[in-house]
Amino acid sequence: MTEQFNFLLADDDTDDGFFFTKALKTILSSAELNIVEDGDKLMKYLDTHLENLPDALFLDINMPRKNGAECLFEIKTNERLKNLPVIVYSTSMHESMADKLYKSGAHYYFQKTNLTELETNLQNLVGLMKNKTFMRPMRKDFVLKTTGA
């Protein structure tokens, strides 16, 4: 039996959404993926899906209306949403931002690079979920490293 995972991607870049969808379907064809284009739509989506939250949220930092850091803060301070795993997936990759995101409760942080790196990171994360070992790491392991960024 194939395990069914439900993911949510919050990203305003349609090309990034296309590549994310392609990478996810390559490693887990049965995955369900919903995409929202900005922070306001993200928060509305979560509010209307409280009884059926995604298994994980992939969150871009730079979005219109409400950025990813603001959304992360709202999610982690909301009693009904605070346990939602949030994986930051962004073009930006700065240690100071990583510190802030980690302190705000994000589970992982990785940079948008290329399709191969995306597939590798998704494979690793989905593997943790399948093995029931997905949990928030120590800060030193929070940023997923890429080999050729």
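Here, every reference points to the structure presented above.
Predicted model, so just to flag it, every value in this text is computed and none were measured.

Cut-offs applied
- Residues numbered from 1 in each chain as written.
- Predicted model: local features only at pLDDT ≥ 70, side-chain atom pairs only at ≥ 80, totals over all residues.
- Heavy atoms only, no water.
- Pairing = 2+ DSSP bridges.
- Helix = DSSP H or I, 4+ residues; strand = E, 2+ residues; numbered from the N terminus.
- Axes fitted to C-alpha atoms, helices over the stretch in contact; angles between N-to-C directions.
- Contact = heavy atoms within 4.5 Å.
- Buried < 20%, exposed > 50% of the residue type's maximum accessible area, 1.4 Å probe, protein only.
- Arc of directions from axis to C-beta.
- Polar contact = N/O pair within 3.5 Å; in protein donor to acceptor, adjacent residues only side chain to side chain.
- Right-handed = clockwise from strand over helix to strand, strands pointing away.
- Phe/Tyr/Trp six-rings, centres within 6.5 Å; stacked < 30°, edge-to-face > 60°.
- Lys NZ or Arg CZ within 6 Å of the ring centre and 35° of its normal.

Section: the sheet that holds strand β5 (residues 108–111)
Here comes step 1: Overall, parallel pairing links the five strands, which are arranged β2-β1-β3-β4-β5 in an open sheet. Each edge of the open sheet is held by one strand with a lone partner, namely β2 (32–36) and β5. Neighbouring strand axes in the sheet, compared pairwise and without regard to direction, differ in orientation by 20 degrees on average.
Here comes step 2: Of the pairings in the sheet, the one linking strand β4 (residues 86–90) to β5 comprises four bridges and is parallel in character. Bridging from a neighbouring strand, valine 88 pairs with tyrosine 109 of β5.
Here comes step 3: Across the sheet, helix α1 (residues 14–27) is in contact with β1 (6–10), β2, β3 (56–59) and β4; its angle to β2 comes to roughly 170 degrees.

Some points on the environment of asparagine 62
Here comes step 1: Relative to the helices and strands, asparagine 62 resides in the loop between β3 and α3 (68–76).
Here comes step 2: When the C-alpha positions of asparagine 62 and aspartate 13 are compared, they lie 9.7 Å apart, and in sequence the two are 49 residues distant.
Here comes step 3: With residues up to four places along the chain from it excluded, the contact list for asparagine 62 reads Asp12, Ser90 and Ser92.

Let's talk about helix α2 (residues 39–48)
Here comes step 1: Listed as buried for α2 are Gly39, Leu42, Met43, Tyr45 and Leu46. Taken end-on, α2 shows its buried residues confined to a sector of 160 degrees, consistent with a single buried face. The exposed residues of α2 that point more than 90 degrees off its buried face are Lys44 and Thr48.
Here comes step 2: Here the buried face of α2 lies against β1, β2, β3 and α3.
Here comes step 3: The N-cap of α2, judged by a side-chain oxygen 2.9 Å from the amide nitrogen of aspartate 40 a few residues on, is aspartate 38.

Here we look at the environment of cysteine 71
Here comes step 1: Structurally, cysteine 71 is set in helix α3.
Here comes step 2: Sequence separation between cysteine 71 and threonine 26 is 45 residues, and the spatial gap between their C-alpha atoms is 28 Å.

So, the side chain of aspartate 38
Here comes step 1: Counting through the fold element by element, aspartate 38 comes out in the loop between β2 and α2.
Here comes step 2: Within the local environment of aspartate 38, its side chain forms a polar contact with the backbone nitrogen of aspartate 40, the two atoms lying 2.9 Å apart.
Here comes step 3: Once residues within four sequence positions are removed from consideration, aspartate 38 is found in contact with Met63, Pro64 and Arg65.

Considerations on the pairing of β3
Here comes step 1: Of the two faces of β3, both are covered, the one formed by Ala56 and Phe58 as well as the one formed by Leu57 and Leu59.
Here comes step 2: Sheet topology places β1 next to β3; four bridges connect them, and they run parallel. By the bridge assignment for β3, phenylalanine 7 is matched with alanine 56.
Here comes step 3: Once the chain exits β3 it traverses α3 before rejoining the sheet at β4, and the crossover so formed is right-handed.

What to know about the packing of aromatic side chains
Here comes step 1: Going through the model one piece at a time under the given rule, you end up with eight aromatic pairs.
Here comes step 2: Here the aromatic rings of tyrosine 89 and phenylalanine 110 are separated by 5.0 Å at their centres, their planes lie at 40 degrees, and the arrangement is tilted. Here tyrosine 89 is found in strand β4, whereas its partner phenylalanine 110 is found in strand β5, with 21 residues between them in sequence. The two residues tyrosine 89 and phenylalanine 110 agree in class, both being buried.
Here comes step 3: Cluster of aromatic residues (ring-pair linked, three or more members): Phe5, Phe7, Phe20, Phe58, Tyr89 and Phe110.
Here comes step 4: Above the plane of the ring of tyrosine 89 lies lysine 112, whose end atom (NZ or CZ) is 5.3 Å from the centre.

The values are spatial; any link to function lies outside them.
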